[in-house]
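Understanding the architecture of this molecule
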Number of protein chains: 2
Amino acid sequence: MRPQIVLFGDSITEQSFRSGGWGASLTDTYSRKADVVVRGYGGYNTRWALFLLHHIFPLDSSKPPVATTVFFGANDAALLGRSSERQHVPIEEYKDNLRKIACHLKECNPTMLIALITPPPVDEERRKNSARTNEATGTYAKGCIEVAKELGLFSVDLWSKMQETEGWQKKYLSDGLHLTPEGNRVVYKEVISLFSEAWLSAEEMPLDCPHSSEINPKNPEKAFQQKCL
Amino acid sequence: MRPQIVLFGDSITEQSFRSGGWGASLTDTYSRKADVVVRGYGGYNTRWALFLLHHIFPLDSSKPPVATTVFFGANDAALLGRSSERQHVPIEEYKDNLRKIACHLKECNPTMLIALITPPPVDEERRKNSARTNEATGTYAKGCIEVAKELGLFSVDLWSKMQETEGWQKKYLSDGLHLTPEGNRVVYKEVISLFSEAWLSAEEMPLDCPHSSEINPKNPEKAFQQKCL
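Under the annotation held in an unreviewed UniProt entry, chain A carries the name GDSL esterase/lipase At5g62930-like and is attributed to Punica granatum. Database annotation for chain A, UniProt heading Sequence similarities (unreviewed entry): "Belongs to the 'GDSL' lipolytic enzyme family."

Next up, the structure:
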């Protein structure tokens, strides 16, 4: 039974299998060890994500995920009175929705590794419709980290992390909001380092079946008898 | 119940989630419609792949894959008496192993879309150990296509397809054997076109849940009641 890692989030998760994407890189890293499953919903905020919980994470699953990344907030942080206000979710509701998501995941699998990821920063200069500000998104990022601390969950403060690098606006963001391959690389590195420091280090996980170098061509049966998880 | 597409093969499948990889591109295309599962085993030939069949494709699965790519031959075609001879499988056994794999998959799910993919061509100039020749690999590619025709399976003649393009050696192969991002693109395009022409067109498959534009922010329940597969 191979462990499953679910990536749950908005468009930044949905697009994570494009060239250089962080989801694809995770899949590559956990190849032959765990399956990475993408559940990214472009345009979704946490309020709408709640409707998906029982669908994506049924409570009666015999094989729930061992780890899940929860990566929302970029849409919740859309400002009221601007072009994307339909996506707006007030900060306190956003935090409460994250709590509900985490609570459901824990109910699904009490030992699940849950990693909350904050929205990335916003490059306002390249968001012509001014639906979001970096400051407002920062408030949601802070709220996300607070919920993680409060519930004892893992977290990645992507909003802060990215802004540590000079020129983050163009280096990490393709359109002021979504990620470049380099931005994807940051998410990948943060998630993989978090997973490794927790208990989900790909290096320490066994291969599902013998490495080809372990197979004796004159007696291949032996290697497969000994090791086929 | 989301459909599952399995990519079964050797290192060219195992590496298909690296940057620009064909597996990652398929995952992106089928996002919110089908799950792509990678089962790539570097160094494996079809003889060793047989040991994995019941493990990867259990006959009693309640939810077998709807489609599987079977992508072996690059290692089977390694020459006897050269540095990789331990991977060598005689051509007739290779063909028979492909028949056994296809037979098992059909037993697993009689309606499964099975696509046999031939090994890519070999750029001998860049394979210093001379373990493979392009001509020998071509024999295996031909054998693969013959088995597909014999059993009425879908197939991609990658060996021939790639050599139609001038400069295929460096354009499509990174080390004379494995694929560049452009080589990955060829595999992606061939597989997606085959899947679409069969009955697995991503465009025609329904989204798992409402598109965000279909959600009325004042009454989100409605969209989810109507559509959540």
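Picking up after the structure, the text goes on.
1. Regarding the pairing of strand β3 (residues 67-71) of chain A
Regular strands place side chains that alternate from one sheet face to the opposite one. Residues and elements named next belong to chain A. For β3, a buried count of 5 out of 5 residues is recorded, marking the element as mostly surrounded by other parts of the structure. Side chains Ala67, Thr69 and Phe71 project from β3 onto one buried face, and the interleaved Thr68 and Val70 project onto a second face that is buried too. The sheet contact formed by strand β1 (residues 4-9) and β3 spans 5 bridges and is parallel. Across the sheet, Val6 pairs through a bridge with Thr68, a residue of β3. Across 4 bridges, the pairing between β3 and strand β4 (residues 113-117) is parallel. Counted as the bridge partner of Val70 is Leu116 from β4.

2. Quick notes on the relation of the copies chain A and chain B
Put simply, the second copy of the chain is the first one after a rotation about an axis and a shift along it. Rotating chain A by 180 degrees and moving it 0.0 Å along the rotation axis overlays it on chain B with an RMSD of 0.0 Å. Given the turn and translation reported, the copies of this chain are related as if by a two-fold rotation axis. The overlap is high: 98% of the interface residues of chain A also sit at the interface in chain B, so the same surface is used on both sides.

3. Thoughts on the sheet that holds β3(A)
Residues and elements named next belong to chain A. Spatially, the 5 strands line up as an open sheet ordered β2-β1-β3-β4-β5, and their pairing is parallel. Looking along the sheet, the strands with just one partner apiece sit at the ends: β2 (35-40) and β5 (154-156). The average angle at which neighbouring strand axes cross in this sheet is 20 degrees, direction not considered.

4. A look at the interface of chain A and chain B
Facing the 40 residues of chain A at the interface are 39 residues of chain B. Both faces combined, the contact of chain A with chain B buries some 3400 Å², and carbon together with sulfur accounts for 55% of it. Contact with chain B buries surface across chain A, with A:Phe17, A:Phe51 and A:Arg86 losing the most and accounting together for 16% of the total. Between A:Arg18 and B:Asp28 there is a salt bridge; the shortest N-O distance is 3.8 Å. Seen at the junction of chain A and chain B, the total is 14 residue pairs in polar contact (both at pLDDT 80 or more). Elements represented by at least two residues in the side of chain A that touches chain B include exactly α2 (22-29), β2, α3 (46-49) and α10 (220-226) of chain A. In terms of residue count, β2(A) provides more of the side of chain A that touches chain B than any other element does, 5 residues in total. When its residues are assigned to classes, the side of chain A that touches chain B shows 17 nonpolar, 12 polar and 11 charged.

5. Some thoughts on the packing of aromatic side chains
What the rule picks out here adds up to 19 aromatic pairs over all chains. Consider the rings of B:Tyr41 and B:Tyr44, whose centres lie 5.4 Å apart with planes at 50 degrees: the pair is tilted. In this structure B:Tyr44 comes out as buried when scored by relative accessible area, which is 0%. Ring pairs connect the aromatic residues A:Tyr41, A:Tyr44, A:Trp48, A:Phe51 and B:Phe224, which therefore count as one cluster.

6. As for the sheet that holds strand β1 (residues 4-9) of chain B
Residue and element names in this part refer to chain B. Read from one edge of the open sheet, 5 strands run β2-β1-β3-β4-β5, paired in parallel fashion. Looking at which strands have only one partner, the edges of the open sheet turn out to be β2 (35-40) and β5 (154-156). Strand-to-strand twist in this sheet, taken as the mean axis angle between neighbours without regard to direction, amounts to 20 degrees.

7. A closer look at the environment of A:Lys100
Residues and elements named next belong to chain A. With respect to the secondary-structure elements, Lys100 resides in helix α5 (residues 91-108). Placed 23 residues apart in sequence, Lys100 and Asp123 show a C-alpha to C-alpha distance of 30 Å. Leaving out residues up to four positions away in the same chain, Lys100 has contacts with Leu50 and Leu53.

Calculation criteria
- Residues numbered from 1 in each chain as written.
- Chains lettered and ligands numbered in written order.
- Predicted model: local features only at pLDDT ≥ 70, side-chain atom pairs only at ≥ 80, totals over all residues.
- Heavy atoms only, no water.
- UniProt positions renumbered as here; feature names shortened; annotations may be inferred.
- Buried < 20%, exposed > 50% of the residue type's maximum accessible area, 1.4 Å probe, protein only.
- Helix = DSSP H or I, 4+ residues; strand = E, 2+ residues; numbered from the N terminus.
- Pairing = 2+ DSSP bridges.
- Least-squares fit on C-alpha atoms with pLDDT ≥ 70 in both.
- Contact = heavy atoms within 4.5 Å.
- Axes fitted to C-alpha atoms, helices over the stretch in contact; angles between N-to-C directions.
- Buried area = accessible area lost by both parts, 1.4 Å probe.
- Salt bridge = Lys/Arg side-chain N within 4 Å of Asp/Glu carboxyl O.
- Polar contact = N/O pair within 3.5 Å; in protein donor to acceptor, adjacent residues only side chain to side chain.
- Nonpolar A, V, L, I, M, F, W, Y, C, P; charged D, E, K, R; others polar.
- Phe/Tyr/Trp six-rings, centres within 6.5 Å; stacked < 30°, edge-to-face > 60°.

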